[in-house]
Amino acid sequence: RPARASGPAMVEIQRLASAALGHVLAGRSLDAELAAAWRRHPQLDGHDRAAIQDLAYGTLRFRARLDALLDALLDKPLKDARLRMLLLVALYQLEYTRAAPHAVVDHAVRACHGLGFTSAKSLANAVLRNFLRSRPALCARVDRAETARYCHPQWWIDKLHAQYPAHFAAILAAGNARPPLALRVNCRRARVPEYLERLARDGIKAEAGGAATVVLEKPVPAERIPGLAEGLVSVQDAAAQLAAPLLDLRDGMRVLDACSAPGGKAGHALELAEVALTALDRDAARLERVRANLVRLGFSARVVCGDACEPAAWWDGAPFERILLDVPCSASGVARRHPDIKWLRRETDIAQFAREQSRMLDALWQTLASGGKLLYATCSVFQEENSEQVARFLERHRNATRLTLPAVDNDTQLPAGQLLPDGRHDGFFYALLQKV
């Protein structure tokens, strides 16, 4: 995007994006860092924020390849991480965007001055122009390494290759793609065909993706989505929209939505049936988003701050007929939405998540009524958190049986309940367990 006279120049946008990346690679989440940047720079308008976000997200998506390219272009390692981040952002623009190459180089050189790297201006100019001159051969050379070719950590690549030998390359490619923007139409207020007509009147191209699902051809800012603020629709990935229907809800049921924040699935459940819903989460701040979503949709529920592993602290002893347990996980199925996950997550984290998931399953199973159903869900593609977790649970609990999910169990090559990320939806896993 060319710099606008009313906003900061691309030089400043490059600088702010590279500063955010520096904080992320030091351990801070990208969403948190961008939110902090917006607070520090209230003068940024929506276009400026979108430009900074695009540079930050894109650079993180392709970080491994950009790192390899930069290392190949340098005679010796850079001592300052801020300069390295700036050059990675510029390389992302040159390799993955349609920005004019001469403008990208010029902006990066000028940004060096703004960062106090006046002496590095000639280095930045030489590195970026050398990339433009040697681009085909340089890219071919670095792409020999799997980390650069797939833009994921090696342990992540190895795990997917072992667990999905026929699908791993497609999973990794999806993890580097821009995610689709899906909406859930509130079935109490509208139907998909009439909402598609409203989008068309507003010049927004979209198509139906399911009974209540609409997928936009191109993402648009939240404020431009017709009916979002009024509760006519909600932003929710198509795979996540399977959760509430899979619970087989009926009016009057006692339902627990554990790990509820930000409340998308709770809202969907209440759209489908008039249930007595408890929305549970251990993060008080994130529960405010649950409350806000319920208010936007016009629903009420019991919202409780508590730990799913410790039901004695919040459960009244009356069994739930349905439980949705969308557990904390590696989020490996939604890495394209949160590209920092690839670089902040560690292989040892998977076992830690699996242990916590196991504790939650065991704890909440005691709150489920006889004959009731618990839907176990993750946004992961790693089998330790999914099919292997459920298998271990069934070994521990002889009063549990796993039910078939027709809408999900339709690929004989994949573990039952496993959805892989693609152009329609994120990576998700579901297992419906019944107490017998």
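The structure displayed is predicted, hence computed values, not measured ones.

Enquirer: Which residues make up helix 6 (residues 101-114), and what values do they have?
Expert: Between its terminal C-alpha atoms helix 6 stretches 20 Å, which fits the 20 Å expected from 14 residues at 1.5 Å a residue. Of the residues making up helix 6, those classed as buried are Val-104, Val-105, His-107, Ala-108, Val-109, Ala-111 and Cys-112. Lining the buried residues of helix 6 we find helix 1 (10-25), helix 5 (81-96) and helix 7 (121-142).

Enquirer: Pulling in residues and values, what's your account of empty space enclosed by the protein?
Expert: Counting across every chain of the model gives two cavities of 30 Å³ or more. Lining the largest cavity we find His-152, Trp-156, Leu-160, Ile-171, Leu-172, Gly-175, Ser-332, Gly-333, Ala-335, Arg-336 and Pro-421. Where the lining of the largest cavity is concerned, the elements lending two or more residues are helix 9 (154-163) and helix 10 (168-175). Residue contributions to the lining of the largest cavity peak at three residues, all from helix 10. Taken together, the residues of the lining of the largest cavity break down into six nonpolar, four polar and one charged. In this structure, the second largest cavity encloses a volume near 30 Å³.

Enquirer: If you had to explain the packing of aromatic side chains to someone new, which residues and values would you point to?
Expert: One pass over the full model with this rule turns up nine aromatic pairs. Centroid distance Phe-62 to Tyr-96: 3.9 Å. Interplanar angle 10 degrees. Geometry classified as stacked. Of the two residues, Phe-62 sits in the loop between helix 3 (46-61) and helix 4 (63-73) while Tyr-96 sits in helix 5, which places them 34 residues apart along the sequence. Here Tyr-150 and Phe-168 contribute two aromatic rings whose centre-to-centre distance is 5.8 Å and whose plane-to-plane angle is 65 degrees, an arrangement assigned as edge-to-face. Linking Tyr-150 in helix 8 (residues 146-150) with Phe-168 in helix 10, this pair joins segments that are 18 residues apart in sequence. Phe-168 shares its class with Tyr-150; the two are buried.

Enquirer: Please give an account of the sheet that holds strand 4 (residues 233-235) that cites residues and values.
Expert: The sheet built from four strands is open, its strands ordered 2-3-1-4 with antiparallel pairing. Two strands bound the open sheet, and with one partner strand each, they are strand 2 (206-208) and strand 4. Shown here is a sheet whose adjacent strand axes are inclined to one another by a mean of 30 degrees, direction ignored. With three bridges connecting them, strand 1 (residues 181-185) and strand 4 associate as antiparallel partners. Each residue of the ladder has a partner; that of Val-185, found in strand 4, is Val-233. Helix 11 (residues 192-201) rests against strand 1, strand 2, strand 3 (213-216) and strand 4 of the sheet, and its axis sits at about 25 degrees to strand 3. Contacts between helix 13 (residues 264-272) and the sheet are confined to strand 1 and strand 4, with strand 1 contributing the most and set at about 30 degrees to the helix.

Enquirer: Go over the layout of surface pockets, please, and point to the residues and values.
Expert: By volume, the second largest pocket is sized at about 700 Å³. What lines the second largest pocket is a set of 35 residues, among which Gly-209, Ala-238, Ala-239, Leu-242 and His-425 lie closest to the centre. At the level of elements, helix 10, strand 3, helix 12 (243-246), helix 13 and strand 11 (418-419) are the ones that each hand at least two residues to the lining of the second largest pocket. Of the residues in the lining of the second largest pocket, the class split is 20 nonpolar, ten polar and five charged.

Enquirer: Tell me about the pattern of salt bridges, and name the residues and values.
Expert: The full count for this structure, using the stated rule, is 27 salt bridges. The residue Arg-84 makes a salt bridge to Asp-71 at a minimum N-O spacing of 2.8 Å. Of the two residues, Arg-84 is situated in helix 5 and Asp-71 in helix 4; the sequence distance between them amounts to 13 residues. Overall, the relative accessible area of 18% leaves Arg-84 in the buried class. Exposure remark for Asp-71: the relative accessible area of 46% places this residue in the partly exposed category. Two residues, Arg-337 and Asp-426, come together in a salt bridge whose shortest N-O distance is 2.6 Å.

Enquirer: Explain the side chain of Asp-237 to me, and be specific about the residues and the numbers.
Expert: Residue placement: Asp-237 occurs in the loop between strand 4 and helix 12. Overall, Asp-237 belongs to the buried group, its relative accessible area being 9%. Within polar-contact distance, the side chain of Asp-237 engages the side chain of Arg-337 at 3.1 Å. Every residue in contact with Asp-237, bar those within four places of it in the chain, is listed here: Ala-182, Arg-337, His-425 and Asp-426.

Enquirer: A description of the packing of helix 1 against helix 3 should follow, citing residues and the corresponding values.
Expert: Viewed as axis vectors pointing N to C, helix 1 and helix 3 meet at an angle of 45 degrees, and their least axial separation amounts to 9 Å. The angle between the axes of helix 1 and helix 3 places the two elements in the oblique class. For the pair helix 1 and helix 3, the sense of crossing is right-handed. Within the contact between the two elements, helix 1 uses Met-10, Ile-13, Gln-14, Leu-16, Ala-17, Leu-21, Val-24 and Leu-25 and helix 3 uses Asp-48, Ala-51, Ile-52, Leu-55, Ala-56, Thr-59 and Leu-60. Classifying every residue of the contact of helix 1 with helix 3 gives twelve nonpolar, two polar and one charged.

Conventions and cut-offs
Residue positions within a chain follow its written sequence, with the count starting from 1. Predicted model: local features are reported for residues with pLDDT of at least 70 only, side-chain atom pairs are reported and counted for 80 or more only, and whole-chain, interface and lining totals are derived from all residues. Computation of side-chain values: all heavy atoms of the structure, hydrogens and water removed. In DSSP terms, a helix is any run of H or I states spanning at least four residues, a strand is any run of E spanning at least two, and both are numbered starting from the N terminus. Expected helix span is given by 1.5 Å per residue-to-residue step, counting one fewer step than there are residues. A simple rule labels every residue: compare its accessible area, found with a 1.4 Å probe on the protein chains alone, to the largest value its type can have, and call it buried under 20%, exposed over 50%, or partly exposed in between. Here, two residues are considered to be in contact whenever any of their heavy atoms come within 4.5 Å of each other. Lining residues are those with an atom within 4 Å of a point, where the points come from a 1 Å grid over the protein atoms alone and group into cavities, where a 1.4 Å probe fits but cannot get out, or pockets, open sets with protein on both sides within 12 Å along at least five of seven lines. Grid points are joined across faces, edges and corners, and a volume is the space filled by probe spheres set on the points. Each residue gets one of three labels, nonpolar for Ala, Val, Leu, Ile, Met, Phe, Trp, Tyr, Cys and Pro, charged for Asp, Glu, Lys and Arg, and polar for the others, Gly among them. In summary, the pairing rule links any two rings of Phe, Tyr or Trp, Trp by its six-membered ring, whose centres are within 6.5 Å, and it sorts them by plane angle into stacked for under 30 degrees, edge-to-face for over 60 and tilted for everything else. Any two strands with at least two DSSP bridges between them are considered paired. Lines fitted to C-alpha atoms define the axes here, with helix axes fitted over just the stretch in contact, and angles between the N-to-C directions of these axes take values from 0 to 180 degrees. Put simply, a salt bridge is a Lys or Arg side-chain nitrogen that is within 4 Å of an Asp or Glu carboxyl oxygen. In the analysis that follows, any N or O atom pair within 3.5 Å is treated as a polar contact, provided that within protein one partner can donate a hydrogen and the other can accept it, and provided that, for residues neighboring in sequence, both atoms belong to side chains. Oblique is the label for every angle not falling under 35 degrees (roughly parallel), over 145 degrees (roughly antiparallel), or within 65 to 115 degrees (roughly perpendicular). In this scheme the crossing of two helices becomes right-handed for a clockwise turn of the near helix relative to the far one and left-handed for an anticlockwise turn of less than a right angle.

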